[in-house]
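Architecture and fold: a report
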Amino acid sequence: MSVPIGSTPVASCGAGLSHWQVPATDTLPSFPAIVLYPSTIATGTANIGPYTFAATLDAPVAPGRHPLCVISHGGGGSHLLYRSIASHLAERGWVVVCPEHPFDNRNDRSRVNTDEAARDRPRHLVHTIDALLAHETWGAHIDAQYIGAVGHSMGGFAALALAGGQPWSMQRVPLDTVADARIGAAVLLAPAIEWFSTPGALDSVRIPLLTMVGEHDPVTPAERVQHVLRALPPTVPSTIEVVPGAGHFAFITPFPAEMRRPDFPPSVDPPGFDREAFHERLPSRIAQFLDETVLSSR
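Residues numbered from 1 in each chain as written. Predicted model: local features only at pLDDT ≥ 70, side-chain atom pairs only at ≥ 80, totals over all residues. Heavy atoms only, no water.

Moving on, we come to helix α3 (residues 154-162). Most of α3 sits inside the fold, with nine of its nine residues counted as buried. Where α3 is concerned, the buried positions are Met154, Gly155, Gly156, Phe157, Ala158, Ala159, Leu160, Ala161 and Leu162. Residues of α3 that are buried in the fold lie against β8 (66-72), α2 (115-134), β10 (142-152), β11 (183-189), β12 (209-214) and α4 (222-229). A positive backbone phi angle near 120° is found at glycine 164, which sits one or two residues after α3. (Buried < 20%, exposed > 50% of the residue type's maximum accessible area, 1.4 Å probe, protein only. Helix = DSSP H or I, 4+ residues; strand = E, 2+ residues; numbered from the N terminus. Contact = heavy atoms within 4.5 Å.)

What follows is the structure, given as structure tokens:
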């Protein structure tokens, strides 16, 4: 099968994976990330801690310039949790970067669910994109005209902020954060939407959005997400899909069997929901949306 990658078709596209340390700036610390990408060799497996990726570690990068997708994890979460989405996009020809948000991750929860985290998360993503495009290796393999964003929970918040949403603080004042006009479309998975509930908060959004929410999500209820997003400008292409039976954590790749337990909520789903089966479909739905929006002018 031939898969279009940027301006270069690549046959039998596999997925590679590399570790990367996003460099520090005057205002941001250095933080880890993984980069998945299209490769000229068949997809293998790569293990990071308890997690197995459908990717080959440090495989050669497919020639040409490829579209870029940044994936933002949830509050107090991990950049390693969206393996099925990242690997599938890489096999479809995307370079995918998954950064670990400083002070808001599984190892450092000091700013989880705070105004500071909300203010800085979009900055982390903008800096990650900037640094990747400037990198001596990765910069040569990315087509900066084609960039998409995917985020889950607080990651969905960050993706919506990049798209032009103006978040408001817990004290009801606008947060001093950043948007990124390079983002061509965004996927919001159970987004933390309350930051955008102030009238006018979504007035500057211009890009296509795909929002997916769980039917049985008590954290970001589907009805609330739908209500807030009704304030989007009418010219914004916006699709909202409610996933039958799903909870808040359905969008995380299924955990290894030894990590699934009732006292670990991210591994638990509502009764009757099959996360394994859902992740047979979810990555291709996201890839289809990004291909049809970000790459529509290619």
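Attention shifts here to the side chain of histidine 79. Note that histidine 79 resides in the loop between β8 and α1 (83-91). Judged by its relative accessible area of 8%, histidine 79 is buried. Contact partners of histidine 79, with chain neighbours within four places excluded, come to Pro32, Ala33, Ile34, His73, Cys98, Pro99 and Glu100.

Here we take up the pairing of β10. Of all the eleven residues making up β10, nine are buried; the element is thus mostly covered by neighbouring parts of the structure. As paired strands, β8 and β10 are joined by six bridges and run parallel to one another. Bridging across to β10, histidine 66 finds its partner in isoleucine 142. As paired elements, β10 and β11 share six bridges and run parallel to each other. Within β11, the residue paired with histidine 152 across the bridge is leucine 189. Considered for its hand, the β-α-β crossover made up of β10, α3 and β11 is right-handed. (Pairing = 2+ DSSP bridges. Right-handed = clockwise from strand over helix to strand, strands pointing away.)

This part covers the packing of aromatic side chains. According to the stated counting rule, one finds seven aromatic pairs in the structure shown. Between the aromatic rings of tyrosine 51 and phenylalanine 255, the centroid separation amounts to 6.3 Å while the plane-to-plane angle is 55°, which identifies the pairing as tilted. Linking tyrosine 51 in strand β6 (residues 51-53) with phenylalanine 255 in the loop between β13 (238-243) and α5 (275-278), this pair joins segments that are 204 residues apart in sequence. A single burial state applies to tyrosine 51 and to phenylalanine 255, both of which are buried. For the ring pair phenylalanine 157 and phenylalanine 196, a centre distance of 5.3 Å and an interplane angle of 35° mean the geometry is tilted. Taken as a pair, phenylalanine 157 in helix α3 and phenylalanine 196 in the loop between β11 and β12 lie far apart in primary sequence, 39 residues in all. By relative accessible area, phenylalanine 157 is classed as buried at 0%. Clustering of aromatic rings is evident, with ring pairs tying together Tyr51, Phe255 and Phe264. Positioned over the ring face of phenylalanine 103 is arginine 111, at 4.5 Å from the centre of the ring. (Phe/Tyr/Trp six-rings, centres within 6.5 Å; stacked < 30°, edge-to-face > 60°. Lys NZ or Arg CZ within 6 Å of the ring centre and 35° of its normal.)

Moving on, we get to the nonpolar core. Ranked by size, the top nonpolar core spans 49 residues in total, and within it Leu132, Leu160, Phe196 and Leu209 carry the most contacts. Broken down by element, this core gets its largest block of residues, seven residues, from α3. Counting 45 residues, the second-largest nonpolar core is a separate cluster that includes Ile71, Ala86, Leu210 and Ala246. (Core = buried A, V, L, I, M, F, W, Y, C linked by side-chain atoms within 4.5 Å.)

Bringing the layout of surface pockets into the picture now. Of the pockets and cavities examined, the largest pocket occupies roughly 560 Å³. As for the largest pocket, its lining consists of 31 residues, of which Gly74, Gly75, Gly76, Gly77 and Phe249 are closest to the centre. Grouping the constituent residues of the lining of the largest pocket by class yields 17 nonpolar, ten polar and four charged. Looking at the second largest pocket, it is lined by 18 residues, and the ones nearest its centre are Ala54, Arg83, Ser84, Ser87 and Thr253. Put simply, the parts of the chain that give the lining of the second largest pocket at least two residues each are β6, α1 and α6 (282-293). Element by element, the count of residues in the lining of the second largest pocket is highest for α1, at five residues. Residues belonging to the lining of the second largest pocket are distributed by class as follows: eight nonpolar, seven polar and three charged. (1 Å grid on protein atoms, 1.4 Å probe; cavity = no way out; pocket = protein on both sides within 12 Å on 5 of 7 lines; lining within 4 Å. Points joined across faces, edges and corners; volume = space filled by probe spheres on them. Nonpolar A, V, L, I, M, F, W, Y, C, P; charged D, E, K, R; others polar.)

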